[in-house]
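# An overview of the molecular structure
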Amino acid sequence: MVINVEKENQKIWLNKEKVQNRPVYFALKRTMDIVFSSLGIIGLSPLFIILSILIKNDGSHGKIMFVQERVGKNGVHFNMYKFRSMIPNADKHIQELMDKNEVDGAMFKMKDDPRITKVGKFIRKYSLDELPQLFNVLQGNMSLVGPRPPIPREVAEYTDYDMQRLWVKPGCTGLWQATVRNNTDFNGMVRLDLQYIQKSSIFFDFKIIFETVKVMVKPNSAY
């Protein structure tokens, strides 16, 4: 199964009312979120335990879970959960690394980030650090599929065009993660998110989930 990704540089402008006024689609999407996140949490619980033990004993002396404030649909803030893959208080060191940012725009990415632990490097490669977000999906502040939720300092730099990403509920995975991953810049990520919003459907969500599972088994450019 292949997802077609448009490569044109022309910007995508959406109609907010059209995007958000889809009661049947969102009801089905929420049902899918509840069912699959519940099954995922139950089925992956042994893996959760194993990863927790590995993180607790990796020598970095930090908490197992990393909780970070993110920005969701319509600018609402919430706490997003991840398995900790960095040293404690990693956020406090970000300003020291900003000149080494490898992605243009309102986003920070660094392939050899010195804040990442040994266990963290492994779980990030296979996206295992993202699994606790299934609890965010069950709570309702995230969906299985949607744009990645940004952090507040990134949103502070958003243009009106970028803000369109926040018109829908953020997701654990999306078109960006299932295709090019880190092989694109911020503008490319925004375009892919808006392309997803423009074409979103239950069938499209299933395609993205399928491609995401493939990427987790055989990672592309995750770091």
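Residues numbered from 1 in each chain as written. Predicted model: local features only at pLDDT ≥ 70, side-chain atom pairs only at ≥ 80, totals over all residues. Heavy atoms only, no water.

### A look at the packing of helix α2 (residues 23-43) against helix α10 (residues 202-217)
Here is the rule we go by: Interaxial angle, 0 to 180 degrees, is taken between N-to-C directions of lines fitted to C-alpha atoms, where a helix line uses only the stretch in contact. Going along the chain from the N terminus, every DSSP run of H or I of four or more residues is numbered as a helix, and every run of E of two or more is numbered as a strand. The contact rule is simple, with two residues in contact once any of their heavy atoms fall within 4.5 Å. Just so you know the grouping, Ala, Val, Leu, Ile, Met, Phe, Trp, Tyr, Cys and Pro go in nonpolar, Asp, Glu, Lys and Arg go in charged, and all remaining residues, Gly too, go in polar.
Interhelical geometry of α2 versus α10 gives an angle of 30° and a closest axis separation of 10 Å. Between α2, through Y25, L28, K29, M32 and F36, and α10, the contact on the second element is made entirely by I202, D205, F206 and I209. Classifying every residue of the contact of α2 with α10 by side-chain character gives seven nonpolar, no polar and two charged.

### A look at a nonpolar patch on the surface
The following threshold applies: Each patch groups residues whose relative accessible area exceeds 30% and which form no salt bridge, using 9 Å between like charges and 5 Å between nonpolar side chains of Val, Leu, Ile, Met, Phe, Trp and Tyr. In these tables, accessible area is a Shrake-Rupley quantity obtained with a 1.4 Å probe, and a residue counts as shielded only by the protein chains included in the view. Salt bridges are defined by distance alone: a side-chain nitrogen of Lys or Arg within 4 Å of a carboxyl oxygen of Asp or Glu. Buried residues are those whose accessible area, probed at 1.4 Å on protein chains only, stays under 20% of the maximum for their type, while exposed residues exceed 50% and partly exposed ones sit between those limits.
On the surface, V35, F36, L39 and F206 cluster together into a nonpolar patch covering about 370 Å² of accessible area. The dominant element in the nonpolar patch, judged by the number of residues it contributes, is α2, at three residues. Residue position: F36 is located in helix α2. Since its relative accessible area comes to 41%, F36 is described here as partly exposed.

### Section: the environment of C172
In this fold, C172 is placed in strand β4 (residues 171-173). Its relative accessible area of 17% is what places C172 among the buried residues. Along the chain, C172 and G146 lie 26 residues apart, while their C-alpha atoms are 6.9 Å from each other. What C172 contacts, discounting residues up to four positions off in sequence, is Q133, V137, M142, S143, L144, R148 and Q177.

### Thoughts on the environment of V76
In this structure, V76 sits in the loop between β1 (65-71) and β2 (77-83). Placed 21 residues apart in sequence, V76 and L97 show a C-alpha to C-alpha distance of 28 Å. Look past the residues within four positions of V76 in its chain and what remains in contact with it is R70 and V71.

### Some remarks on the nonpolar core
For clarity, the cut-off: Joining through side-chain atoms within 4.5 Å is the link that ties buried Ala, Val, Leu, Ile, Met, Phe, Trp, Tyr and Cys residues into a set, and such a set is a nonpolar core.
Membership of the largest hydrophobic core comes to 32 residues, with the highest contact counts inside it found for L14, L194, Y196, I197 and I208. Of all the elements in the fold, those that place two or more residues in this core are α2, β2, α6 (133-139), β3 (143-145), α8 (175-178), α9 (186-199) and α10. Non-local contacts of L194, meaning those with residues more than four positions away in its chain, are made with I12, L14, Y161, Q164 and R165. Core analysis: the second largest hydrophobic core is formed by eight residues, I55, I123, L128 and L131 among them.

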